[in-house]
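# Inside the fold
So you can see what is in the structure, the chains are spelled out below.
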Amino acid sequence: MEDVARLAGVHQTTVSRALRNDRRVSPEVRARVEAAAGKIGYRPNPLLAALGTMRRQRAATENQPTLAFIRQASPARGLVDGGHLPGARAAAAQRGYKLEEFVIDGDLHARRLDTILKTRNIQGAILGPLPEAHGYFQLDWTQFSTVVIEYSFIEPAFDRVVTDSYNTMRLALAECRHRGFSRLGLALAQVVDERNEGLLCAAYALAARRDPGLANIPPLILPSWNEKTFAAWLKRNHPEVIISSNTLLPQIEQYLRTEGIRIPTDVGVINLNVNPATQPHSGVCQDAHAIGAQAARLVIEKLNHNDRGVPASRMTILTDGRWHDGKTMLAEKPGQHAGKM
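So, here's what we can say about the structure. Nothing here was measured: the structure is a model prediction, and the numbers come from that model.

## Overview of the side chain of Asp-193
In this fold, Asp-193 is placed in helix α8 (residues 190–195). The buried charged residue Asp-193 lacks any salt bridge partner; its closest oppositely charged side chain belongs to Arg-195, at an N-O distance of 11 Å. If we ignore the near neighbours within four places in the chain, the residues touching Asp-193 are Gly-198, Cys-201 and Ile-221.

Here it is in structure tokens:
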């Protein structure tokens, strides 16, 4: 750092600040320091940089450094509990941070939250999934290191951690085909389709086009639950397996029970976002705990590098789901091996 300072004609402290993007250093001086560092091949030690960041944060507040986990409630849809908070909290604690939840609603507006975060010197923010398919709220983003969970927060375009929805559908379809099922019906709420940026339907459509053994059943996308529309789709297409998610599954299962259609004997059911701890469904576990943990690790990394504001180019980290053998799918299509005695 002394060599860089000498070459750039600045104090060593200025070098330290410039290389961690401190806003007190002008862009011109920062460029000069970076050029000098590049000329002599200087690179900061990331472990020391992280230690320095932690010391500065501890000096700025008497309390343990805090990250904000921000969620937004909707009068129409309430609050989305994606299950990410425990994973984020555990990962933050492992790195010496605590995580505090804030909910934007009728009592806490975004402007008020912005003031609270600045007053308490909370500089890292994780934005949880929004209740609507797409949306945003406004804070003074230049003051925060920000990471978004899932696709629903659209503006500004922050770095985000999302489940790989395309791969989730591929995994579900592959499991069905492995068990001998070919008539697979996709039924989704419109908000789910939009929240996943159409990736579930895209993977489903591509599979139907590429796999000649797969029945080409048109997806059912419902703006809201409509029993008559669902019943007509079911009667017209006779799916062996219904693929859906938590938004519609309670109504679908209730309808099947009312009609005397047995799960999984008469029709299988796959949940694309199953929680194995609380739900009996067969399907894909998206591992919300791991998504939350990754979001916390990413925001702490951004804090360590003083990386604030909106990134010039958004980074998206995809996480894979895993298949969960629940109780709503048969292990094999009946009669699959008939005649092979």
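## Topic: the layout of surface pockets
A volume near 920 Å³ is recorded for the largest pocket. Val-80, Asp-81, Gly-82, Asn-246 and Asn-273 are the residues nearest the centre of the largest pocket, which is lined by 36 residues in total. Those elements that place two or more of their residues in the lining of the largest pocket are α8 and α12 (288–304). For the lining of the largest pocket, the class distribution of residues is 15 nonpolar, 15 polar and 6 charged.

## Description of the side chain of Arg-71
One can find Arg-71 in strand β1 (residues 66–72). At 2.6 Å, the side chain of Arg-71 forms a polar contact with the side chain of Glu-101. For Arg-71, the residues in contact, after removing those within four places along its chain, are Leu-79, Val-80, Asp-81, Glu-101, Phe-102, Val-103 and Ile-104.

## Some thoughts on the sheet that holds strand β8 (residues 241–244)
Read from one edge of the open sheet, 6 strands run β7-β6-β8-β9-β10-β12, paired in mixed fashion. Two strands in the sheet have a free side with no partner beyond their single neighbour: β7 (220–222) and β12 (322–324). With direction set aside, neighbouring strand axes in the sheet form an average angle of 20°. Sitting on the sheet, helix α9 (residues 199–210) is in contact with β6 (184–189) and β7, with an inclination near 165° to β6.

## Things to note about helix α6 (residues 110–119)
Listed as buried for α6 are Ala-110, Leu-113, Asp-114, Ile-116 and Leu-117. The arc that holds the buried residues of α6, viewed along the axis, is 165°, so those residues lie on one side. Every exposed residue of α6 that faces more than 90 degrees away from the buried side is listed here: Arg-111 and Thr-119. Tucked into the core, α6 has its buried residues touching β1 and β2 (98–104).

## Quick look at the sheet that holds β2
What the 6 strands build is an open sheet, ordered β2-β1-β3-β4-β5-β11; its pairing is parallel. The strands lining the two open edges of the sheet, one partner per strand, are β2 and β11 (316–319). Within the sheet, the average angular offset between the axes of one strand and its neighbour, ignoring direction, is 20°. Strand contacts of helix α5 (residues 85–94): β1, β2 and β3 (124–127), with the helix running at about 145° to β2, the strand carrying the most contacts. Running over the sheet, α6 touches β1 and β2 and is turned about 160° from β2.

## A look at the pattern of salt bridges
Summed over all chains, the structure comprises 14 salt bridges. For Arg-177, the salt bridge goes to Asp-211, with nearest N and O atoms at 2.7 Å. Here the residue Arg-177 occupies a position in helix α7 (residues 165–178), and Asp-211 occupies one in the loop between α9 and β7, the gap between them amounting to 34 residues. Of the residues examined, Asp-211 reaches a relative accessible area of 22% and is grouped as partly exposed. Salt bridges sharing partners connect three or more residues here, namely Asp-114, Lys-118 and Asp-140.

## Some thoughts on helix α10 (residues 227–237)
Buried residues of α10: Phe-230, Trp-233, Leu-234 and Asn-237, and no others. Taken end-on, α10 shows its buried residues confined to a sector of 95°, consistent with a single buried face. Exposed residues lying more than 90 degrees from the buried face of α10 are Lys-228, Lys-235 and Arg-236. Elements that come into contact with the buried residues of α10 comprise β6, β7, β8 and α11 (249–258). The distance from a side-chain oxygen at the start of α10 to the backbone nitrogen of Lys-228 is 3.1 Å, and the residue carrying that oxygen is Asn-226. Within two residues after α10, His-238 carries a phi angle of roughly 45°, on the positive side.

Conventions adopted
Residues numbered from 1 in each chain as written. Predicted model: local features only at pLDDT ≥ 70, side-chain atom pairs only at ≥ 80, totals over all residues. Heavy atoms only, no water. Helix = DSSP H or I, 4+ residues; strand = E, 2+ residues; numbered from the N terminus. Buried < 20%, exposed > 50% of the residue type's maximum accessible area, 1.4 Å probe, protein only. Lys, Arg positive; Asp, Glu negative; His and termini not counted. Salt bridge = Lys/Arg side-chain N within 4 Å of Asp/Glu carboxyl O. Contact = heavy atoms within 4.5 Å. 1 Å grid on protein atoms, 1.4 Å probe; cavity = no way out; pocket = protein on both sides within 12 Å on 5 of 7 lines; lining within 4 Å. Points joined across faces, edges and corners; volume = space filled by probe spheres on them. Nonpolar A, V, L, I, M, F, W, Y, C, P; charged D, E, K, R; others polar. Polar contact = N/O pair within 3.5 Å; in protein donor to acceptor, adjacent residues only side chain to side chain. Pairing = 2+ DSSP bridges. Axes fitted to C-alpha atoms, helices over the stretch in contact; angles between N-to-C directions. Arc of directions from axis to C-beta.

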